[in-house]
Amino acid sequence: MLALLGGRGSASAAAVAPGALTVRVVQAPPAPAPLELLAELARSEIPAAEPDRREPPLSVSAAASQPEPALLIRFDEADYRPRRELTVAPVLKADVPLVWPEEGVLAGHYSDVATLFIDETGRVRKLRFEGEGLPPRLQDQAREAFLGASFSPGELQGVPVKSRIRVQVAFDAPGHVRRGGSGL
């Protein structure tokens, strides 16, 4: 953990001019590149902008534990090709078990269309519902089931690619009988 301390004190415990800002290494973690810079700052004194102003201690441990913005993995739906652009569509390798929850949803028939975002290895990376035909509890059940599903990936001219497909997701409560309608 690194801490920036205002006022007196330094890594060597030498006397520091009042108002000087120093950096002290409290515990040295394995230092990636950004922390090496902070360690270098710990060996030098940086004068404060206002000599008489005392800054409260500032901990940088939380900031140091956060990934750098450039290192964050961004999910961009535009990276996933729609079915119409593929030469081979993704194919589900095994049934997806949609289990009716034990409680929290009124008996009945519920359905919605979902877009599955499938990477080039066949894993579902994201699921987005297009409507509001499923209560939140059923959406959670469907999301969990599809995120664990395995597909053969979509292909473009023989090369596996990130793809997206639309699927109908339907739940029927055990013992619920649908009457008439379009079969949805």
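Structure first, text after, so check above.
Structure report, in brief. (Residues numbered from 1 in each chain as written. Predicted model: local features only at pLDDT ≥ 70, side-chain atom pairs only at ≥ 80, totals over all residues. Heavy atoms only, no water.)

Evaluation of the coordinates by the stated rule reveals five aromatic pairs. Ring plane angle 90° and centroid distance 5.6 Å describe the contact between Tyr-80 and Phe-117, whose orientation is recorded as edge-to-face. On the criterion of sequence distance, the pair formed by Tyr-80 in the loop between α2 (61-65) and β4 (81-82) and Phe-117 in strand β6 (residues 109-118) is long-range, its members being 37 residues apart. Considered together, Tyr-80 and Phe-117 belong to a single accessibility category, that of buried residues. Ring centres 6.4 Å apart and planes at 65° place the aromatic pair Trp-100 and Phe-171 in the edge-to-face group. Of the two residues, Trp-100 is situated in the loop between β5 (91-92) and β6 and Phe-171 in strand β11 (residues 163-172); the sequence distance between them amounts to 71 residues. For Phe-171, a relative accessible area of 2% gives the class buried. (Phe/Tyr/Trp six-rings, centres within 6.5 Å; stacked < 30°, edge-to-face > 60°. Helix = DSSP H or I, 4+ residues; strand = E, 2+ residues; numbered from the N terminus. Buried < 20%, exposed > 50% of the residue type's maximum accessible area, 1.4 Å probe, protein only.)

All right, on to the nonpolar core then. The nonpolar side chains of a soluble globular protein tend to be buried with one another. Within the largest apolar cluster, 22 residues are counted, with the highest numbers of intra-cluster contacts made by Leu-116 and Val-169. Of all elements in the fold, only β6, β7 (124-129), α3 (136-147) and β11 reach the threshold of two or more residues within this core. Once residues lying within four places of it in the same chain are set aside, the contact partners of Leu-116 are Val-124, Lys-126, Leu-127, Phe-146, Phe-151, Ser-163, Arg-164, Ile-165 and Val-167. (Core = buried A, V, L, I, M, F, W, Y, C linked by side-chain atoms within 4.5 Å. Contact = heavy atoms within 4.5 Å.)

For the rest of this paragraph, the subject is unusual backbone geometry. Phi is positive for Gln-157, close to 50°, though the residue is something other than glycine. With respect to the secondary-structure elements, Gln-157 resides in the loop between β9 (154-156) and β10 (159-161).

This part takes up the pattern of salt bridges. On inspection of all chains with the given rule, the structure shows seven salt bridges. Measuring nitrogen to oxygen at the nearest pair gives 2.9 Å for the salt bridge that ties Arg-74 to Asp-76. For Asp-76, a relative accessible area of 26% corresponds to the partly exposed category. For Arg-81, the salt bridge goes to Glu-85, with nearest N and O atoms at 3.4 Å. By sharing partners, the salt bridges in this structure join Glu-77, Lys-126 and Arg-128 into a single network. (Salt bridge = Lys/Arg side-chain N within 4 Å of Asp/Glu carboxyl O.)

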